[in-house]
Amino acid sequence: MKTTCKLCWGTNVLMIGVIAFAAYTFIFGKTGEVGDDGRTAVMISADEKELVLGEMRGLLEAVQAITGGLAENDLATVAESAHAVGMSSTGGEPAALIAKLPLEFKKLGMGTHQAFDDLGNEATDMGDAKVVLGMLGDVLQNCTACHASYRFDVEQGGS
Ligand code: HEC
């Protein structure tokens, strides 16, 4: 009985350790190596790269639609295009991919989706195209900051 319990505790401690490690890697991700071009290489599989780059092209399409909407003073289109890439568009990424992304990368990424929602709300609430344009400029700073710091490389043996 005593031995069984000791085993129980041992298993529990081990389990907690495993869960804590999994949670840690999930949240903090991998740090990645700094490549020759000064950017940190985030190592992901070819499929994951395809998925994220598809999302990236979606972001650029949103920027295009928002700019067009602002030029036409069509703030309904601006709001709709911004919310399309807002927080509600997140959550579809597989856990394995999220675990590979460095924490700073995830923060910048989430901050960008949130900033699009804020921009969409501003377009609906105040409807001042100039203010919204300024917010778009701030969002674009997230894009350029991340692009300057990170790049994707495909893991060896990854599909
Ligand atoms: C959290 C980091 C991050 C943010 C924020 C981010 N990107 Fe990216 N984006 C990347 C990385 C990494 C790549 C791949 C670069 C490489 O491997 O050379 C990329 C690639 C792209 C590409 C190329 C897609 C392709 O098919 O090759 C486009 C377009 C793009 N991003 C647009 C945007 C736009 C627009 C924004 C802002 C609204 C944005 N990104 C914000 C990280 C980010």
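Keep in mind it's a predicted model, so treat the numbers as computed, not measured. (Residues numbered from 1 in each chain as written. Predicted model: local features only at pLDDT ≥ 70, side-chain atom pairs only at ≥ 80, totals over all residues. Heavy atoms only, no water.)

(A) Seen up close, the overall build of the protein chain. Tallying secondary structure elements over the protein chain gives 6 helices and 3 strands in all. From first element to last, N terminus to C terminus, the protein chain shows the α and β order α-β-β-α-α-α-α-α-β. Over its C-alpha trace the protein chain gives a radius of gyration of 21 Å, far above what one expects of a compact globule, namely 15 Å for 159 residues. The principal-axis extents of the C-alpha atoms in the protein chain amount to approximately 75 × 40 × 25 Å. Relative to its full complement of 159 residues, the protein chain shows a buried share of 29%. (Helix = DSSP H or I, 4+ residues; strand = E, 2+ residues; numbered from the N terminus. Rg over C-alpha atoms; globule rule 2.2 N^0.38 Å. Buried < 20%, exposed > 50% of the residue type's maximum accessible area, 1.4 Å probe, protein only.)

(B) Looking closely at the site of the ligand. In the vicinity of the ligand, 18 residues are found, and the nearest of them are Met56, Arg57, Cys143, Cys146 and His147. Between arginine 57 and the ligand, the recorded distance is 2.6 Å, taken from a side-chain N or O atom to an oxygen atom. Along the lines of polarity and charge, the residues of the shell around the ligand split into 11 nonpolar, 4 polar and 3 charged. (Near = heavy atom within 4 Å. Polar contact = N/O pair within 3.5 Å; in protein donor to acceptor, adjacent residues only side chain to side chain. Nonpolar A, V, L, I, M, F, W, Y, C, P; charged D, E, K, R; others polar.)

(C) Representation of the environment of leucine 119 in the model. Along the chain, leucine 119 turns up in helix α5 (residues 103-125). A relative accessible area of 0% means that leucine 119 is categorised as buried. The spacing of leucine 119 and threonine 40 is 79 residues in sequence and 29 Å in space, taken between C-alpha atoms. When residues no more than four places from it in sequence are discounted, the contact partners of leucine 119 are Ile66, Val78, Ala82, Val132, Met135, Leu136 and Val139. (Contact = heavy atoms within 4.5 Å.)

(D) Structural context of the pattern of salt bridges. Per the stated rule, a full pass over the model turns up 6 salt bridges. As a salt-bridge pair, glutamate 48 and lysine 100 come within 2.8 Å of each other at their nearest N and O atoms. Taken together, the residues span a long stretch of sequence, with glutamate 48 in helix α2 (residues 46-71) and lysine 100 in helix α4 (residues 95-100) at a distance of 52 residues. Comparing glutamate 48 with lysine 100 shows no difference in burial state: the two are buried. The closest approach of N and O atoms between glutamate 104 and lysine 107, which form a salt bridge, is 3.8 Å. Separated by 3 residues within a single helix, glutamate 104 and lysine 107 lie in helix α5, roughly one turn from each other. Judged by relative accessible area, lysine 107 falls into the partly exposed class, the value being 48%. Linked by salt bridges that have partners in common, Asp37, Arg39, Arg151 and Asp153 make up one network. (Salt bridge = Lys/Arg side-chain N within 4 Å of Asp/Glu carboxyl O.)

(E) Molecular detail of the domain arrangement of the protein chain. What the domain assignment lists for the protein chain is domain 1 (1-30) and domain 2 (31-154). Measuring from the centre of the C-alpha atoms in domain 1 to the corresponding centre in domain 2 gives 36 Å. The interface is formed by 6 residues belonging to domain 1 together with 10 residues belonging to domain 2. Here domain 1 and domain 2 share an interface that buries about 640 Å² over both sides, 58% of which is from carbon and sulfur atoms. (Domains from an automatic or database assignment. Buried area = accessible area lost by both parts, 1.4 Å probe.)

(F) Inspection of the nonpolar core at higher detail. Grouped together as the largest cluster of nonpolar side chains are 18 residues, with contacts concentrated most on Ile66, Leu70, Val78, Phe116, Leu119 and Val132. Of all elements in the fold, only α2, α3 (75-84), α5 and α6 (129-149) reach the threshold of two or more residues within this core. With 5 residues, the top contributor of residues to this core is α2. In this structure, Val42, Leu101, Phe105 and Phe152 belong to the second largest nonpolar core, which totals 9 residues. (Core = buried A, V, L, I, M, F, W, Y, C linked by side-chain atoms within 4.5 Å.)

(G) Structural detail: the pairing of strand β2 (residues 40-44). Taking burial as the measure, the 5 residues of β2 include 4 buried ones, the bulk of the element. Across 2 bridges, the pairing between strand β1 (residues 33-34) and β2 is antiparallel. Considered in β2, the bridge of valine 34 is made with threonine 40. In sequence, β1 turns back onto β2 through a hairpin of 5 residues, with glycine 38 there showing a positive phi of about 85°. (Pairing = 2+ DSSP bridges.)

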